[in-house]
4 protein chains.
Amino acid sequence: MLIQASCFLDFTCEFPVPTIFMLRPKSGIGQFVMRDELQVSPYVAMTEFADTYGNLCQRLVLPAGQCQLRSTVVADCADVIDVDYGAAWTPITDLPDGMLHFLLPSRYCESDKLGDASAEITRGCNTGYEQVEAIRQWIHTHIQYEYGTTDSSTSACDVLETKKGVCRDFAHIGISLCRALDIPARMVTGYLYELDPMDLHAWFEAYIGGRWYCFDATQHEPKGGRILVAYGRDAADVAFATHFGAVTLNDMQISVEEIIA
Amino acid sequence: MLIQASCFLDFTCEFPVPTIFMLRPKSGIGQFVMRDELQVSPYVAMTEFADTYGNLCQRLVLPAGQCQLRSTVVADCADVIDVDYGAAWTPITDLPDGMLHFLLPSRYCESDKLGDASAEITRGCNTGYEQVEAIRQWIHTHIQYEYGTTDSSTSACDVLETKKGVCRDFAHIGISLCRALDIPARMVTGYLYELDPMDLHAWFEAYIGGRWYCFDATQHEPKGGRILVAYGRDAADVAFATHFGAVTLNDMQISVEEIIA
Amino acid sequence: MLIQASCFLDFTCEFPVPTIFMLRPKSGIGQFVMRDELQVSPYVAMTEFADTYGNLCQRLVLPAGQCQLRSTVVADCADVIDVDYGAAWTPITDLPDGMLHFLLPSRYCESDKLGDASAEITRGCNTGYEQVEAIRQWIHTHIQYEYGTTDSSTSACDVLETKKGVCRDFAHIGISLCRALDIPARMVTGYLYELDPMDLHAWFEAYIGGRWYCFDATQHEPKGGRILVAYGRDAADVAFATHFGAVTLNDMQISVEEIIA
Amino acid sequence: MLIQASCFLDFTCEFPVPTIFMLRPKSGIGQFVMRDELQVSPYVAMTEFADTYGNLCQRLVLPAGQCQLRSTVVADCADVIDVDYGAAWTPITDLPDGMLHFLLPSRYCESDKLGDASAEITRGCNTGYEQVEAIRQWIHTHIQYEYGTTDSSTSACDVLETKKGVCRDFAHIGISLCRALDIPARMVTGYLYELDPMDLHAWFEAYIGGRWYCFDATQHEPKGGRILVAYGRDAADVAFATHFGAVTLNDMQISVEEIIA
């Protein structure tokens, strides 16, 4: 399906603030970017680079005063996500070298502390897709989606205590519980068609049966129509904006629409 | 300056033909891509990857029958290119590891056979920028720009005999003569504002004084307004289209315009 | 100076355990590996790959029963480390793209929580080398080096409370406090000549004045004679052994000697 | 099988000569390096980096006067190479992105000129392994192995005229003929157990049936016991020594022995 997504941001700064944005998706497995546009007003020189995960990062200095950015993309992506209850857990010895990285604990995903919790949640499951789906459903059932209950320093373990969070936190718990079972897992940010309430979104992927599968604990059931913007180990790797200075975000508007050709 | 460039291609194939295009520029040193769009009609699934030089490569299968592609980009790039007659030749021992690669002979650049020619052409020059500019001017003066005199198997040595070629050939000679002097050199394809006759363009870059400088032997003097699409050792690395089968190119339209904001 | 270092490990497992080791250094800035040898007994097939930081990782399955490994290296490295009190803090806008990565919080380095602590510790310092040296000395003075007080889940914030740890913890605090000041910092593991007590060692590096400088808070003053084995954001990236199963480490012997040619 | 291989080089230079060596193998698919040692006398500072293919490259400046290097390696490698007459040609559309690179013409492999020759040589073969084996055998039968008949500027087309060459030339022809059939092919340098006459060796690999297979046109039949040192498109990428200045090679001794554990 063809999706057009856009992210509008309106900032005010007292002083110039160096900033790194991660707003622009690239083509990859499962999506092809037909059109991509980034506008900034007033006009500010920008540069772009790819980080260690291949994510596109835009660098600029937000000027003192007001500044607005609009990132728009049209991409061809899957309307349904792949589901395969038969996908089996991959023995460590068979994991490709590049996947091992995603078994490790990270800033917001203290998987090294969640072995027991994960074994409990997946008790009775066949190893592999079933375990991850059990994790996904457990989070969907036990964690309440509520704005304002967490912030950028909240980790998976923190949320497991309060039982409240937003998409970022749901993903962190999913990732941590998967890694505790030696299932490689990573964070994904991007756009989701018909997300309600509409926002930039985060979910996770687990590597089972020789490939990555999408899992979103904020949704009741598997849902397609996603444009991936960035991958990483957790939120520390995929922040849509990293500001090195004080910035006020006045407004943020996200839209995701299907283009009927 | 803001430039909008577009490349329109119209093909006919008797059978489906797997094809790799290198049409879409990316942001880098000297340019930032504000907008990028790729349309194909009839719609065909495409994938994209980055090659070893970081160039974006689009893969698709041109269907039997007619197919049209249009690639459009808006980029912020330099209106003048940097010139520095004082830029010195960098001793081999001081070249960054990644530059050594561009000292080697390649498919169309038999630099290993052009040591004497290069020494002759640059006799009396200080080493560095002066040498490369002497090479650039020598090519501009001695090689005649003429369509239809070369093809995709023509090398630098071939053109040095016939003394006729197009931008691709001018660049190959420049690269070969530079490498013969142990100056790293590489091929660049892209768009040039006010190129006459208008076409996809090729030129070269030489690494002197610790950075890459742009040299275009098809132009009378240094000229800015360029959008870089791909880099490589020579034409074998930067073909805008590589077809694995028989294809007829019915039409190709290039346009490059300045956007006055 | 030429240093020969070796790491001997003796394991017992009840069942085969997939393991990743990070024992073998590679040549890089500041060191050249003259000789490198890895022996395993009983003989077990191994493979090797480089992770996202370029660190060499050896993969094998420790067999049930006893297994011994010995990694030996002879490397040419600096006998004194570089010190430069004039090295200035690099504005974010001037940091190379690849350094931005090391400004981010990570699993054991909650730099996002240590802004105030870092400002306090470096009060009165010129920005740059002075700040990092102040951090290094603060850790050396305030944190007690003591085995058995921390484990593999201990973070920098944890150690700042207990004030006790080992080299790993000293490095984590150093990294966290640097990042809180927007100074890129990374963890290094390797060998240190005349380390007492002798062990595999960890320290950190900070990026100031356009390059990485070595800082070791476990030492009274700057000390050379180091062979770097791995780099990363923190201990999660540079574990010398990651076991996916239960393993008993029966013995570990490290030796580091100077070779007088 | 465990193989110990060594390369001894003795040079004399009138002036210091910057040089890049590609002597040290690394672990990869099919081999694990147990021990690796590089000695140089008189002692000269060296650095090492990995090129775009991942090959290890050693940089140094050969001093005026005499200089000797000895590179020794002990590696675990396959005693027989894989052969599979059923391995099928992979359609272009199914080739992994990274393989496309090896379909292109290169400095010494003018595959773009050898379409007819290749079709002739492989007439009647099933596509895939059979074609490449037919190419291998054709070269073995029609090209005479003779020292002194070619040099570092000789290309595949040159050798197809004279019908004489050494391992480097045999490999170039094999690579060119494969690419002319849209079979990805690459050059490999390294050591071969029981090579006669003993020397540093070159052969080629072709990508068929989803993996790389080894083909050596200098040998009567498939032969294992190989330590790979470098990969690339052709000799321009894998020269064991690239000198930027005049050097006399006084002596070169290669030895390859099996270690019976």
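Keep in mind that this is a model prediction, so the values were computed, not measured.

1. Section: the interface of chain A and chain C
Counting residues at the interface gives 32 residues for chain A and 32 residues for chain C. For the pair chain A and chain C, the summed buried area comes to about 2500 Å², and 58% of that belongs to carbon and sulfur atoms. Of all residues in chain A, the largest losses of buried area upon contact with chain C belong to Arg59(A), Arg107(A) and Phe244(A), amounting jointly to 25% of the total for that side. A salt bridge links Arg107(A) to Asp112(C); the shortest N-O distance between them is 2.9 Å.

2. Here we look at the pattern of salt bridges
Enumeration over the complete set of coordinates arrives at 60 salt bridges over all chains. Put simply, Arg35(A) and Glu37(B) hold a salt bridge, and the shortest N to O gap is 3.6 Å. Residue Arg35(A) is found in strand β3 (residues 31–41), and its partner Glu37(B) is found in strand β3 (residues 31–41); the two belong to separate chains. Both residues of the pair, Arg35(A) and Glu37(B), count as buried. Between Lys223(C) and Glu194(C) there is a salt bridge, with the nearest N and O atoms lying 3.8 Å from each other. With Lys223(C) in the loop between β11 (211–215) and β12 (226–232) and Glu194(C) in the loop between β9 (185–192) and β10 (201–208), the pair connects residues that are 29 residues apart, well separated along the chain. Linked through salt bridges whose partners overlap, the residues forming this network are Arg35(A), Glu37(A), Arg35(B) and Glu37(B).

3. Here's the deal with the relation of the copies chain A and chain B
For the match of chain A to chain B, the screw axis carries a shift of 0.0 Å, the RMSD comes to 0.0 Å, and the turn is 180°. Each copy turns onto its partner about a two-fold axis. Within chain A, Asp36(A) has its C-alpha nearest the rotation axis, a separation of 2.7 Å. Here 100% of the interface residues in chain A have copies in chain B that are interface residues too; the copies meet face to matching face.

4. A short note on the pairing of strand β4 (residues 47–50) of chain A
Residues and elements named next belong to chain A. Two strands pair when backbone bridges link them, and β4 and strand β5 (residues 56–62) are joined in this way by four bridges, in the antiparallel orientation. Within the sheet, the bridge partner assigned to Phe49 lies in β5 and is Cys57. In this structure, the hairpin formed by β4 and β5 is closed by a connection of five residues, where Gly54 is found at a positive phi of approximately 90°.

5. What to know about the interface of chain A and chain B
Between chain A and chain B, the contact holds 15 residues from the first and 15 residues from the second. For the pair chain A and chain B, the two sides together bury roughly 1400 Å², of which 52% comes from carbon and sulfur. On the chain A side of the contact with chain B, Phe32(A), Met34(A) and Tyr43(A) bury the most area, a combined 39% of that side's loss. On the surface where chain A and chain B come into contact, there are two salt bridges. One can count nine residue pairs in polar contact (both at pLDDT 80 or more) joining chain A with chain B. Elements with a contribution of two residues or more to the side of chain A that touches chain B: β3 and β4 of chain A. When residues of the side of chain A that touches chain B are assigned to their parent elements, the largest contribution, seven residues, is made by β3(A). Split by residue class, the side of chain A that touches chain B holds six nonpolar, three polar and six charged. Looking at chain direction, β3(A) and β3(B) are connected through three bridges and run antiparallel. Bridge pairing links Glu37(A) to Arg35(B) in β3(B).

6. Looking at the arrangement of the chains
The two partners chain B and chain C share no contact, and the minimum distance between any of their C-alpha atoms is 11 Å. Separated without contact, chain A and chain D have their nearest C-alpha atoms at a distance of 11 Å.

7. Some points on the packing of helix α3 (residues 129–142) of chain B against helix α5 (residues 167–179) of chain B
Residue and element names in this part refer to chain B. Contact geometry for α3 and α5: axes closest at 10 Å, N-to-C directions at 145°. Between α3 and α5 lies a crossing whose hand is right-handed. Taking contact as the criterion, the partners of Val132, Ile135 and Ile139 in α3 are, on α5, Phe170, Ile173, Gly174, Leu177 and Cys178. Residue composition of the contact of α3 with α5, grouped by class: seven nonpolar, one polar and no charged.

8. Considering the domain arrangement of chain A
Residue and element names in this part refer to chain A. As far as domains go, chain A holds domain 1 (2–78 + 240–259) and domain 2 (92–188 + 195–220). Buried area between domain 1 and domain 2, both sides added, is near 460 Å², and the carbon and sulfur share of it is 79%. Joining domain 1 to domain 2, the criterion identifies zero salt bridges. The interface formed by domain 1 and domain 2 holds one residue pair in polar contact (both at pLDDT 80 or more) in total. Of all the elements, strand β14 (residues 248–259) adds the most residues to the side of domain 1 that touches domain 2, at three residues. Of the residues in the side of domain 1 that touches domain 2, the class split is six nonpolar, no polar and no charged.

9. Quick word on the sheet that holds strand β11 (residues 211–215) of chain D
Residue and element names in this part refer to chain D. Taken together, four strands build an open sheet; the order of strands is β11-β10-β9-β12 and the sheet is antiparallel. Of all strands in the sheet, those with a lone pairing partner are β11 and β12 (226–232), marking the two edges. Across this sheet, the average inter-strand angle for adjacent strands is 40°, counted without regard to direction. Pairing geometry for strand β9 (residues 185–192) and β12, over six bridges, is antiparallel. Its bridge partner being in β12, Leu192 is matched across the sheet by Arg226. Contacting β10 (201–208) and β11, helix α3 (residues 129–142) crosses the sheet at an angle of about 25° to β11. The strands touched by helix α5 (residues 167–179) are β9 and β10; relative to β10, the strand with the most contacts, the crossing angle is about 15°.

10. A few points about α5(B)
For α5(B), which comprises 13 residues, the first-to-last C-alpha distance of 18 Å matches the rise-based estimate of 18 Å (1.5 Å per residue) to within 8%. Of all 13 residues in α5(B), 13 are buried; the element is thus mostly enclosed.

11. A few points about the relation of the copies chain A and chain C
Superposing chain A onto chain C requires a rotation of 180° together with a translation of 0.0 Å along the rotation axis, leaving an RMSD of 0.0 Å. By residue overlap, the copies meet face to face through one surface: 100% of the interface positions of chain A are interface positions in chain C.

12. A closer look at the confidence of the model for chain A
Residue and element names in this part refer to chain A. In this model, chain A carries an average pLDDT of 95, and 100% of its residues clear a pLDDT of 70 or more. Looking across chain A, the model is least confident in β4, with a mean pLDDT of 91, and most confident in helix α5 (residues 167–179), with 98. We note a pTM of 0.89 for the whole complex and an ipTM of 0.85 for its interfaces.

13. Remarks on the pairing of strand β6 (residues 65–77) of chain B
All names here are of chain B. Across twelve bridges, strand β1 (residues 2–13) lies against β6 in antiparallel orientation. Pairing of Asp10 across the sheet is with Gln68, part of β6. Pairing geometry for β3 and β6, over ten bridges, is antiparallel. Within β6, the position partnered with Ser41 by the bridge is Gln68.

14. A few points about α3(D)
Residue and element names in this part refer to chain D. A rise of 1.5 Å per residue sets the reference length of α3, with its 14 residues, at 20 Å; its end C-alpha atoms lie 20 Å apart and thus fit the reference within 8%. Within the span of α3, buried status applies to Tyr129, Gln131, Val132, Glu133, Ala134, Ile135, Arg136 and Ile139. In this structure, the buried side of α3 is in contact with α2 (115–121), α5, β10 and β11.

15. Re the UniProt feature "domain: Transglutaminase-like" (unreviewed entry) in chain A
UniProt tags residues 159–219 of chain A as "domain: Transglutaminase-like" (unreviewed entry). As a span, residues 159–219 of chain A carries 28% helix and 38% strand, and end to end its C-alpha atoms are 18 Å apart.

16. Considerations on the packing of aromatic side chains
Scanning the entire structure with this criterion turns up 40 aromatic pairs over all chains. A centroid spacing of 5.9 Å and a plane angle of 90° characterise the contact between Tyr145(C) and Tyr147(C), whose relative ring orientation is edge-to-face. Each ring, one from Tyr145(D) and one from Phe170(D), has its centre 5.6 Å from the other, and the planes form 55°; the classification is tilted. On the criterion of sequence distance, the pair formed by Tyr145(D) in strand β7 (residues 144–145) and Phe170(D) in helix α5 is long-range, its members being 25 residues apart. Judged by its relative accessible area of 32%, Tyr145(D) is partly exposed.

Criteria and cut-off values
Residues numbered from 1 in each chain as written. Chains lettered and ligands numbered in written order. Predicted model: local features only at pLDDT ≥ 70, side-chain atom pairs only at ≥ 80, totals over all residues. Heavy atoms only, no water. Contact = heavy atoms within 4.5 Å. Buried area = accessible area lost by both parts, 1.4 Å probe. Salt bridge = Lys/Arg side-chain N within 4 Å of Asp/Glu carboxyl O. Helix = DSSP H or I, 4+ residues; strand = E, 2+ residues; numbered from the N terminus. Buried < 20%, exposed > 50% of the residue type's maximum accessible area, 1.4 Å probe, protein only. Least-squares fit on C-alpha atoms with pLDDT ≥ 70 in both. Pairing = 2+ DSSP bridges. Polar contact = N/O pair within 3.5 Å; in protein donor to acceptor, adjacent residues only side chain to side chain. Nonpolar A, V, L, I, M, F, W, Y, C, P; charged D, E, K, R; others polar. Axes fitted to C-alpha atoms, helices over the stretch in contact; angles between N-to-C directions. Left-handed = near helix turned anticlockwise from the far one by under 90°. Domains from an automatic or database assignment. Expected span 1.5 Å × (residues − 1). pLDDT = per-residue confidence, 0-100. UniProt positions renumbered as here; feature names shortened; annotations may be inferred. Phe/Tyr/Trp six-rings, centres within 6.5 Å; stacked < 30°, edge-to-face > 60°.

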